[in-house]
Amino acid sequence: MSLILNKLFLAGSVWRTTLNAKVTPVKFVHSTFVRFDEEVEGTEQAKKIDPSKDRSKIIPVETSIKYLESSAYKTTYGNDPVWKPYRRNFKGQFAPKKTRKMCIRNGVISTGSPCPICRDEYLVLDYRNIELLKQFVSQYTGETLDPSCTGLCQRAHKDLLVALMKAKEYGLLIHDVPYRYYDYLEWKS
């Protein structure tokens, strides 16, 4: 496909001599991006990244599950869900209707107040991490809590929905709404 586009471009450039751009194949563009990233890693720009904001290291799910059972998690969050103490900074009097698109760009936290999942690197959204997923499900209806309530960014909320669907498909997360018994004798006149 790119070969055909290059030939068409060459044929068109004969008629228009001012056109300087060149169509390049996708493989070439991709490899230049990889080379650029490798060059940046060794420079001072890569060294300026604050280690507390670096999210390029991948944390395994097993580590996240152990973290949820640890005393460090208990001292940080107590018995509340992870999203409970979170409050997002926003400009103006009223909070925006939608949450931000993402908190992490290029493996670095790009905002001053990241969402509850992005700010703690040991919270990994995965279908096996049931204790974390239960915190984002309503205990009364079994529905997923709204991102405006939990403060999750849109990317983390999408990852949460995928993890919840997988956990429900595998039967790891089951929510039974308790049946309510009514005494209908009270309603008789």
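Please refer to the structure placed before this passage.
Residues numbered from 1 in each chain as written. Predicted model: local features only at pLDDT ≥ 70, side-chain atom pairs only at ≥ 80, totals over all residues. Heavy atoms only, no water.

(A) Fine view of the overall build of the protein. Per the secondary structure count, the protein includes nine helices and two strands. For the protein, the N- to C-terminal ordering of α and β elements is α-α-α-α-α-β-β-α-α-α-α. The burial tally for the protein puts 28% of its 189 residues in the buried class. The contacts in the protein between residues at least 6 apart in sequence include a share of 66% that link residues at least 24 apart. Accessible area of the protein: about 14800 Å², with a carbon and sulfur share of 57%. (Helix = DSSP H or I, 4+ residues; strand = E, 2+ residues; numbered from the N terminus. Buried < 20%, exposed > 50% of the residue type's maximum accessible area, 1.4 Å probe, protein only. Contact = heavy atoms within 4.5 Å. Areas by Shrake-Rupley, 256 points an atom, 1.4 Å probe, with all protein chains shown as cover.)

(B) Spatial organisation of helix H9 (residues 154–169). The end-to-end C-alpha distance of H9 is 23 Å, a good match for the 22 Å that 16 residues give at a rise of 1.5 Å each. Residues Ala156, His157, Leu160, Ala163, Leu164 and Ala167 constitute the buried set of H9. The buried residues of H9 occupy an angular sector of 125 degrees when the element is viewed end-on, so they sit on one face. For H9, exposure combined with an orientation more than 90 degrees from the buried face picks out Lys158, Met165 and Glu169. Where H9 is buried, its residues meet helix H6 (116–119), helix H7 (130–134) and helix H8 (147–150). Just downstream of H9 lies Gly171, where phi reads positive at about 80 degrees. (Expected span 1.5 Å × (residues − 1). Arc of directions from axis to C-beta.)

(C) Region of the structure containing the nonpolar core. Core analysis: the biggest nonpolar cluster contains 26 residues, and Cys115, Ile117, Leu123, Leu132 and Phe136 have the highest contact counts within it. Contacts of Cys115, omitting those with residues within four sequence positions, involve Tyr86, Arg100, Cys103, Gly151, Leu152, Cys153 and Ala156. (Core = buried A, V, L, I, M, F, W, Y, C linked by side-chain atoms within 4.5 Å.)

(D) Representation of the environment of Cys149 in the model. Looking at where Cys149 falls in the secondary structure, it is placed in helix H8. Classification of Cys149 as partly exposed rests on a relative accessible area of 42%. Between the alpha carbons of Cys149 and Trp83 there is a distance of 8.4 Å; along the sequence they are 66 residues apart.

(E) Summary view of a nonpolar patch on the surface. Nonpolar side chains collect at one region of the surface, where Tyr182, Tyr184 and Trp187 lie side by side and expose about 480 Å² of accessible area between them. Here Tyr184 lies in the segment after H9. (Patch = residues over 30% accessible without salt bridge, like charges linked within 9 Å, V, L, I, M, F, W, Y side chains within 5 Å. Salt bridge = Lys/Arg side-chain N within 4 Å of Asp/Glu carboxyl O.)

(F) Spatial organisation of unusual backbone geometry. A positive phi angle, near 55 degrees, is found at Asn106, a position not held by glycine. By secondary structure assignment, the location of Asn106 is in the loop between strand E1 (104–105) and strand E2 (108–109).

(G) Examining the side chain of Arg100 more closely. Examined against the element boundaries, Arg100 turns out to sit in the loop between helix H5 (71–77) and E1. Comment: no salt bridge for buried Arg100; closest opposite-charge side chain is Asp159, at 14 Å. Polar contacts involving the side chain of Arg100 include one to the side chain of Thr111, which spans 3.2 Å. Setting aside residues up to four positions removed in sequence, Arg100 forms contacts with Tyr86, Arg88, Thr111, Ser113, Pro114, Cys115, Cys153 and Gln154. (Lys, Arg positive; Asp, Glu negative; His and termini not counted. Polar contact = N/O pair within 3.5 Å; in protein donor to acceptor, adjacent residues only side chain to side chain.)

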